[in-house]
Amino acid sequence: SQWGEENLQALSIQEGEDVTMNCSYKTYTTVVQWYRQKSGKGPALIILIRSNEREKRSGRLRATLDTSSQSSSLSITGTLATDTAVYFCATDNYAQGLTFGLGTRVSVFP
Amino acid sequence: GGIITQTPKFLIGQEGQKLTLKCQQNFNHDTMYWYRQDSGKGLRLIYYSITENDLQKGDLSEGYDASREKKSSFSLTVTSAQKNEMAVFLCASGSSAETLYFGSGTRLTVL
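Thresholds, definitions, all that
- Residues numbered from 1 in each chain as written.
- Chains lettered and ligands numbered in written order.
- Predicted model: local features only at pLDDT ≥ 70, side-chain atom pairs only at ≥ 80, totals over all residues.
- Heavy atoms only, no water.
- Pairing = 2+ DSSP bridges.
- Helix = DSSP H or I, 4+ residues; strand = E, 2+ residues; numbered from the N terminus.
- Axes fitted to C-alpha atoms, helices over the stretch in contact; angles between N-to-C directions.
- pLDDT = per-residue confidence, 0-100.
- Buried < 20%, exposed > 50% of the residue type's maximum accessible area, 1.4 Å probe, protein only.
- 1 Å grid on protein atoms, 1.4 Å probe; cavity = no way out; pocket = protein on both sides within 12 Å on 5 of 7 lines; lining within 4 Å.
- Points joined across faces, edges and corners; volume = space filled by probe spheres on them.
- Nonpolar A, V, L, I, M, F, W, Y, C, P; charged D, E, K, R; others polar.
- Disulfide = S-S within 2.5 Å.
- Phe/Tyr/Trp six-rings, centres within 6.5 Å; stacked < 30°, edge-to-face > 60°.

Caption draft 1: A look at the sheet that holds strand β5 (residues 55–58) of chain A. Residues and elements named next belong to chain A. With antiparallel pairing, four strands are arranged side by side in an open sheet as β2-β7-β6-β5. Every other strand in the sheet has two partners, leaving β2 (19–24) and β5 as the edge strands with one partner each. Adjacent strand axes in the sheet meet at a mean angle of 15 degrees when their direction is disregarded.

Caption draft 2: Focus on the confidence of the model for chain A. Taken over all residues, the pLDDT of chain A has a mean of 90, while the share at 70 or more is 91%. Looking across chain A, the model is least confident in strand β9 (residues 98–100) of chain A, with a mean pLDDT of 88, and most confident in β5 of chain A, with 98.

Caption draft 3: Expanded view of the sheet that holds strand β1 (residues 4–7) of chain B. All names here are of chain B. Strand order across the open sheet formed by four strands is β1-β3-β8-β7, with antiparallel pairing between neighbours. Of all strands in the sheet, those bounded by a partner on one side alone are β1 and β7 (64–70). Shown here is a sheet whose adjacent strand axes are inclined to one another by a mean of 20 degrees, direction ignored.

Caption draft 4: Just unusual backbone geometry, in detail. Residue and element names in this part refer to chain B. Omega for the bond connecting threonine 7 with proline 8 falls within 30 degrees of zero, at -10 degrees, which places this linkage in the cis form. Phi angles above zero are rare outside glycine, and asparagine 28 is one such case at about 65 degrees. Summarising the element assignment, asparagine 28 is placed in the loop between β3 (19–25) and β4 (31–37). Classification of asparagine 28 as exposed rests on a relative accessible area of 56%. A positive phi is found at asparagine 53, a non-glycine position, where the angle reads about 70 degrees. Relative accessible area serves as the criterion here: at 60%, asparagine 53 is assigned to the exposed category.

Caption draft 5: Molecular detail of the layout of surface pockets. A volume near 650 Å³ is recorded for the largest pocket. Taken together, 31 residues form the lining of the largest pocket, with Gln37, Val86 and Arg105 of chain A together with Gln37 and Arg107 of chain B sitting closest to its centre. Within the residue set of the lining of the largest pocket, elements represented by two or more residues are β1 (9–14), β8 (85–92) and β10 (104–109) of chain A together with β9 (87–94) and β11 (106–110) of chain B. Broken down by element, the lining of the largest pocket gets its largest block of residues, four residues, from β10 of chain A. Taken together, the residues of the lining of the largest pocket sort by class into eleven nonpolar, 13 polar and seven charged.

Caption draft 6: Local environment of the state of the cysteines. All names here are of chain A. Enumeration according to the criterion identifies two disulfides over all chains in this entry. With a sulfur-sulfur separation of 1.9 Å, cysteine 23 is cross-linked through a disulfide to cysteine 89. Looking along the S-S bond of the cysteine 23-cysteine 89 disulfide, the torsion reads about 55 degrees, which is the right-handed sense. Of this pair, cysteine 23 sits in strand β2 while cysteine 89 sits in strand β8, and the two are 66 residues apart along the sequence.

Caption draft 7: Local environment of the packing of aromatic side chains. One pass over the full model with this rule turns up eleven aromatic pairs over all chains. An aromatic cluster is present here, built from Tyr35, Phe88 and Phe100 of chain A together with Tyr33, Tyr35, Tyr48 and Phe102 of chain B joined pairwise through their rings.

Caption draft 8: Spotlight on the environment of tyrosine 33 of chain B. Note on placement: tyrosine 33 of chain B falls in strand β4. Each C-alpha atom, one on tyrosine 33 of chain B and one on lysine 9 of chain B, is 17 Å from the other, the two residues being 24 residues apart in sequence.

Take a look at the structure:
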């Protein structure tokens, strides 16, 4: 099965700094989704980038996709304490929904 | 908007016990999923269902049963709880392979 991976990391940053996390996947996907999971909650979609897009922006979020290297990145500019969460990338596996990576834990300190 | 409701939020069981987790969605989505999340790991698919009374096994289905008697509900049964099954179980629904909507999870502790 295809498997998205972010090389499980924990990042601690100060509010206002920018942060970038990466994801690599092993098999073809038509879309890469990034989910954010806050403590005690389920993951929620924050940005989605399709295989025909190289970059997608949404507010302070920027996702990139390089289909040749099968990798995606998520950047958050001007982080806030409320951005503290675990971030997952997910690739589509039509037969079985989405395949999720290990996640990147981001802690933003005021 | 819709909501996914998982019950119970916390579930404590004894080793060897049969335990059932429930999930309800009001999105009117066709497909529902059960994922397991272990500490420090990603989400792994246990079962999914593309319509009422349909069940499909995921990568982690051994030791679990599922039931989809209504479009809006999807339950998961741990057939014999083991200590290494302490994890958070997440239910999700979606109208296609894109964009899953998740509940807040059921945290299972096995004594």
